[in-house]
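Below, each chain spelled out in residue letters.
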Amino acid sequence: MIILTACTFTAKLFTQMLQFFWPLKQEQNAAVRLQPEEETLNSKTKIFQPVLDELQTAAVDLREIEEIAKNTLSLKAELDETIHFDDSEMPDELQISNTEEERDEQVDKMDPYFDHPISHYYIKGSHNTYLLGNQLIGESTIEGYRRAMANNCKCLELDLQDGPNGSPVIHHRWTMTSKIDARNVLRYGIKPNFKSSDLPLILSMDDNIKSDEQRNVFIQDICQILDEFIYITDYKELKCLPSPNELRGKIIIMAPRSKWGQLANICQAVPYSQSSQSGTWFEVSSLSENKLRRLLQTSLEPNTALRNDKRGTETHQKKNLRQTTASQLIRYYPGGQHILSGNHDPIPGMNVGCQIAAMNMQTHSSQLAIYESKFRENAGNCGYVLKPEILLNSHEFQDIIPVHPKRITIKVMKGILPDKSKTTFVSVRVDGEKKDKMKKKTKKVKSDDGLSPEWNEELVFDVQHPELGFALFQIKKSMYFGMRKSTVASYAIPIDKMVNGISSLILHDQNLENIDATLSVEIKIEDPKPEGVEVKGGTITIKDKLKELKGKLLALCEAIKNKIFALKQKGASSNIRKEHP
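Summarised in this report is the structure supplied together with it. The shown structure was predicted, so the numbers you read here are calculated from the model rather than taken from an experiment.

1. Focus on the nonpolar core
And then number 1: In terms of nonpolar packing, the biggest core is built from 62 residues, with L203, M205, I222 and W260 touching the most fellow members.
And then number 2: Sorting elements by how many residues they give to this core places helix α13 (residues 366-376) first, with five residues.
And then number 3: Not counting the four nearest positions on each side in its chain, W260 is found in contact with L160, M205, D207, R215, F218, I219, I222, I253 and A255.
And then number 4: In terms of nonpolar packing, the next biggest core, distinct from the first, is built from 28 residues, I410, I493, A517 and L519 among them.

As structure tokens, this is what we get:
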């Protein structure tokens with residue numbers, strides 16, 4: 001929605017208008033380029049500043065558009081005097097606020113991005129948070145919690161077992177991992193690293209405590225140590241999950257209500273029931289990646305033919321899970337086969353709306369790089385990211401028809417490597433929905449110095465669901481006469497965060513740490529050409545879009561004038577009838 005106010009035609013106002021009439025991803029002539037080290041997509045005014053600078057030096061008169069906007073405001077004021085004006089009757093893109101004070105009041109409020117129920121967000125999750133090594137013989141530490149919170153993980157796991165001294169300990173059962181006092185995790189790991197301004201933190205209690213007495217001791221510890229941070233509410237008075245803004249500065253306990261009492265309120269842990277499409281909003285389930293996979297492949301359809309239709313089954317189960325996760329939280333974690341704390345693929349769960357992918361943060365992998373990119377590229381890596389619209393709107397649950405399919409052309413140009421590598425190539429992998437999964441690579445090249453290879457090769461991807469996909473760039477080198485390949489550096493990004501133009505990707509190493517290495521690419525994003533339809537050349541210019549904006553504003557002015565005239569005429573007729581009954 002664009003809000004016009006009685007102010008000069010500033011860069012901010014221009015950006016708001018341009019965002020609607022000329023989406024950033026379809027911009028062709030303004031030479032707006034994303035430089036990751038200097039700008040982010042969140043600073044939209046800064047990104048559009050080059051466009052404004054170009055307009056100010058071009059023969060484009062913005063004063064006329066500004067005058068139309070001001071006239072529209074004055075007409076609205078006159079209309080308000082005639083009859084109460086309902087903003088809903090105006091086009092959504094041209095809703096108008098009455099005063100600058102109203103705008104200031106809106107700005108002063110907490111970021112509305114966080115006003116949705118928390119079920120509408122991906123929530124950054126940690127699995128076996130206490131481990132810095134593997135889950136077989138690794139050491140359990142408080143440092144694991146400090147690191148996870150520093151990385152803005154908003155769902156931490158406490159693996160609770162009976163302790164030898166009358167209070168629970170944390171460690172991975174049935175393994176040789178060491179044990180730490182659960183009380184000390186609260187006192188030294190969680191409390192010092194949580195602030196009253198923070199977005200909500202969820203503590204997932206993997207409760208394997210056999211002694212009711214030890215559990216009660218730990219519940220008392222939670223209340224005493226975390227004190228005012230603990231979220232306590234009568235969930236029966238609520239109708240849905242609160243928003244992150246409403247839960248700021250609060251720590252939520254995810255545990256069985258029957259064991260944890262009032263501490264478990266809006267996140268009551270229950271087993272997932274496949275027989276019911278959707279449970280109650282305050283219930284939350286945890287699934288292993290294997291159970292989630294089986295769930296997507298298992299049908300409750302009584303008809304044998306339909307039950308054996310794998311594609312139909314998966315579509316049906318995706319629909320069910322998307323409906324469930326619209327109001328309830330689902331957490332999923334690596335299966336038992338990852339005995340060395342490897343990571344699972346978070347994408348299948350994310351694409352059916354599961355909010356919390358619990359990842360082994362200590363194990364750096366391509367799966368973790370992809371997962372981290374979702375949070376890095378959205379909302380400032382705060383641990384909460386709004387799910388795509390297709391997972392929020394109920395009308396989209398009926399199928400998975402592509403909403404905004406795109407053709408993405410990536411020209412891989414050149415790289416700067418951290419170490420000398422004789423023969424290198426670039427692999428680009430698109431991951432997401434099954435139809436979109438694709439991997440392509442450039443030719444192998446040798447550079448004279450081994451540090452600055454040039455490929456200059458285009459790779460084309462047709463993506464049906466860009467809002468559900470990711471791209472993983474990897475520079476690889478060949479060794480032992482091509483018998484072995486290893487990754488030199490990588491970069492992951494959600495596809496819907498890619499922009500047109502030349503970008504210099506800052507690469508990371510195998511530990512997901514940024515290194516002194518870059519990959520220069522030129523990206524072109526366009527709508528796929530329909531089959532059998534010839535698309536002729538031509539580009540949309542800045543002036544074209546401003547002309548369209550001017551036309552819409554003039555049409556709005558005319559519509560308001562006509563309404564004022566009609567209402568005054570109606571009032572005059574009414575007065576005549578009263579004078580001459």
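Structure shown, so let's carry the discussion forward.
2. A short note on the packing of helix α5 (residues 143-150) against helix α6 (residues 182-190)
And then number 1: Packing of α5 against α6 brings their axes to within 9 Å, and their N-to-C directions diverge by 40°. Taken together, the axis directions place α5 and α6 in an arrangement best described as oblique. Classified by chirality, the crossing of α6 by α5 is right-handed. Facing α5, whose interface residues are Y145, R146 and M149, α6 presents V185, Y188, G189 and I190.
And then number 2: Broken down by class, the residue content of the contact of α5 with α6 amounts to five nonpolar, one polar and one charged.

3. Some details on the pattern of salt bridges
And then number 1: Counting across every chain of the model gives 17 salt bridges.
And then number 2: Taking the shortest distance from any N to any O, the salt bridge between E143 and R147 comes out at 3.3 Å. Of this pair, E143 and R147 are both found in helix α5, four residues apart, which corresponds to roughly one turn of the helix.
And then number 3: The partly exposed category is assigned to E143, whose relative accessible area is 29%.
And then number 4: Its relative accessible area of 49% is what places R147 among the partly exposed residues.

Thresholds applied
- Residues numbered from 1 in each chain as written.
- Predicted model: local features only at pLDDT ≥ 70, side-chain atom pairs only at ≥ 80, totals over all residues.
- Heavy atoms only, no water.
- Core = buried A, V, L, I, M, F, W, Y, C linked by side-chain atoms within 4.5 Å.
- Buried < 20%, exposed > 50% of the residue type's maximum accessible area, 1.4 Å probe, protein only.
- Helix = DSSP H or I, 4+ residues; strand = E, 2+ residues; numbered from the N terminus.
- Contact = heavy atoms within 4.5 Å.
- Axes fitted to C-alpha atoms, helices over the stretch in contact; angles between N-to-C directions.
- Parallel < 35°, antiparallel > 145°, perpendicular 65-115°, else oblique.
- Left-handed = near helix turned anticlockwise from the far one by under 90°.
- Nonpolar A, V, L, I, M, F, W, Y, C, P; charged D, E, K, R; others polar.
- Salt bridge = Lys/Arg side-chain N within 4 Å of Asp/Glu carboxyl O.

No statement about biological role is implied by the geometric values presented.
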